Amino acid sequence: MGSDRPAAPGSTPRRIPPGQRHVHGWPVSHYGPVPRFRPERWNLRVFGATAAGDERSWTFEEFTVLPRVTVVADLHCATGPTSTDHEWFGIAATTVLELAPPAPDVTHVMAWAEYGYTANLRLSDFTTPETLLATHHNGELLTAEHGFPLRLVVPHLYGYKGPKWLRAIEYMTEDRRGFWEDRGYHNIGDVWTEQRYSHQERESDGPARE
Ligand SMILES: Nc1nc2c(c(=O)[nH]1)N[C@H]1C(S)=C(S)[C@@H](COP(=O)(O)O)O[C@H]1N2
Ligand SMILES: [Mo]
């Protein structure tokens, strides 16, 4: 704990963040049931304020032939546990932004998962080079409980900012709270400055809670 590990290219700082504790293995943590993957019904949609004005969608086959990246990162749950050394493989968020460009006034995105789970992100957090839409973990397809077929991974933010079972990205011209952000968790969720709870927010950190 607390000892620095070297940062390789394509990886994030290898330290246990303030207030976190290292856990062995990879716990499963989410709200609600694990959805079943139905390939014939599945798509990934980009909608909202796109530059073209219309939405874009990919079937699973179309999406998984896009260029891939590997990112090695730790996963930090805002309630304290950090699991380490995850090797993610998937499509960089920047690739999605290139293929479906946002309108110039887009400031935030909402990541949507099955069953309506959502997480809002500043566009600047979504566009970091380590943010990806992962299909694989440690060389294998994601398991159902860890988000198969697709999960968002944003290594510098707490785990609730990375929906498992990702189904859509909504481009937004103003911020709106997602699932946990509306239930007491910090609107931004930066791990390194310990933005865990909404009571820590400054006014500029996000919209008022409903
Ligand atoms: N769809 C969905 N994604 C989710 C969640 C959830 O409840 N639903 N929980 C988040 C939280 S709080 C964490 S810490 C991580 C946990 O990921 P893991 O189960 O792979 O460890 O998933 C995130 N993604
Ligand atoms: Mo979490």
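Everything here concerns the structure above.
Structure report, in brief. Just so it is clear, the structure is predicted and the values come from calculations on it, not from any experiment.

Procedures and definitions
- Residues numbered from 1 in each chain as written.
- Chains lettered and ligands numbered in written order.
- Predicted model: local features only at pLDDT ≥ 70, side-chain atom pairs only at ≥ 80, totals over all residues.
- Heavy atoms only, no water.
- Helix = DSSP H or I, 4+ residues; strand = E, 2+ residues; numbered from the N terminus.
- Rg over C-alpha atoms; globule rule 2.2 N^0.38 Å.
- Buried < 20%, exposed > 50% of the residue type's maximum accessible area, 1.4 Å probe, protein only.
- Contact = heavy atoms within 4.5 Å.
- Areas by Shrake-Rupley, 256 points an atom, 1.4 Å probe, with all protein chains shown as cover.
- Pairing = 2+ DSSP bridges.
- Axes fitted to C-alpha atoms, helices over the stretch in contact; angles between N-to-C directions.
- Salt bridge = Lys/Arg side-chain N within 4 Å of Asp/Glu carboxyl O.
- Near = heavy atom within 4 Å.
- Polar contact = N/O pair within 3.5 Å; in protein donor to acceptor, adjacent residues only side chain to side chain.
- Nonpolar A, V, L, I, M, F, W, Y, C, P; charged D, E, K, R; others polar.
- Phe/Tyr/Trp six-rings, centres within 6.5 Å; stacked < 30°, edge-to-face > 60°.
- Lys NZ or Arg CZ within 6 Å of the ring centre and 35° of its normal.

Considering the overall build of the protein
Line of reasoning, step 1. What the protein contains, in helices and strands, is three helices and eleven strands.
Line of reasoning, step 2. Whereas a compact globule of 210 residues would reach a radius of gyration of roughly 17 Å, the protein reaches 16 Å, a difference of no more than 12%.
Line of reasoning, step 3. Along the longest, intermediate and shortest principal axes, the C-alpha atoms of the protein span 45 × 40 × 35 Å.
Line of reasoning, step 4. When burial is assessed residue by residue, the protein has 51% of its 210 residues classed as buried.
Line of reasoning, step 5. Of the contacts formed within the protein by residues at least 6 apart in sequence, a portion of 66% connects residues at least 24 apart.
Line of reasoning, step 6. Put simply, the protein shows about 10200 Å² of open surface, and 52% of that area lies on carbon and sulfur atoms.

A look at the sheet that holds strand β6 (residues 108-113)
Line of reasoning, step 1. Strand order in the open sheet made by the five strands is β3-β2-β11-β6-β7, with mixed pairing throughout. Looking along the sheet, the strands with just one partner apiece sit at the ends: β3 (56-59) and β7 (118-122). Across the sheet, the mean angle separating the axes of adjacent strands is 15° when strand polarity is ignored.

Re the pattern of salt bridges
Line of reasoning, step 1. Tallied over the entire structure, the rule returns eight salt bridges.
Line of reasoning, step 2. In this structure, the salt-bridge partner of E194 is R196, at a minimum N-O distance of 3.0 Å.
Line of reasoning, step 3. For E194, a relative accessible area of 27% corresponds to the partly exposed category.
Line of reasoning, step 4. Looking at R196, the relative accessible area reads 7%, which means it is buried.

So, the site of ligand 1
Line of reasoning, step 1. Around ligand 1, the surrounding shell holds 18 residues, and the nearest of these are P27, Y31, H146, R151 and K164.
Line of reasoning, step 2. In this structure, S29 approaches ligand 1 through a main-chain N or O atom, which is 2.8 Å from an oxygen atom.
Line of reasoning, step 3. In terms of residue class, the shell around ligand 1 is built from eleven nonpolar, five polar and two charged.

Brief notes about the pairing of β6
On a regular strand, one side chain projects to one face of the sheet and the next to the other, so that they alternate.
Line of reasoning, step 1. In terms of residue burial, β6 counts as a mostly covered element, since five of its six residues are buried.
Line of reasoning, step 2. Pairing of β6 with β7, which is carried by five bridges, proceeds in the antiparallel orientation. Across the sheet, the residue bridging to A111 is A119, located in β7.
Line of reasoning, step 3. Between β6 and β7, which follow one another and run antiparallel, lie four residues, and Y115 among them has a positive phi close to 65°.
Line of reasoning, step 4. Here six bridges tie β6 to strand β11 (residues 166-172), and the two strands are oriented antiparallel to one another. Bridged to A111 within β11 is I169.

Looking at the packing of aromatic side chains
Line of reasoning, step 1. Applying the stated rule across the entire model yields 15 aromatic pairs.
Line of reasoning, step 2. Between Y117 and F179, the ring centres sit 5.4 Å apart and the planes meet at 35°, which makes this aromatic pair tilted. With Y117 in the loop between β6 and β7 and F179 in the segment after β11, this pair connects stretches of sequence that are 62 residues apart.
Line of reasoning, step 3. The buried category is assigned to F179, whose relative accessible area is 12%.
Line of reasoning, step 4. Taken together, the ring pairs connect Y31, Y117, Y158, Y160, F179, W180, Y185 and Y197 into an aromatic cluster.
Line of reasoning, step 5. Its end group placed over the ring of F179, R183 keeps NZ or CZ at 3.9 Å from the ring centre.

Everything listed here is a matter of geometry and, on its own, says nothing about what the molecule does.
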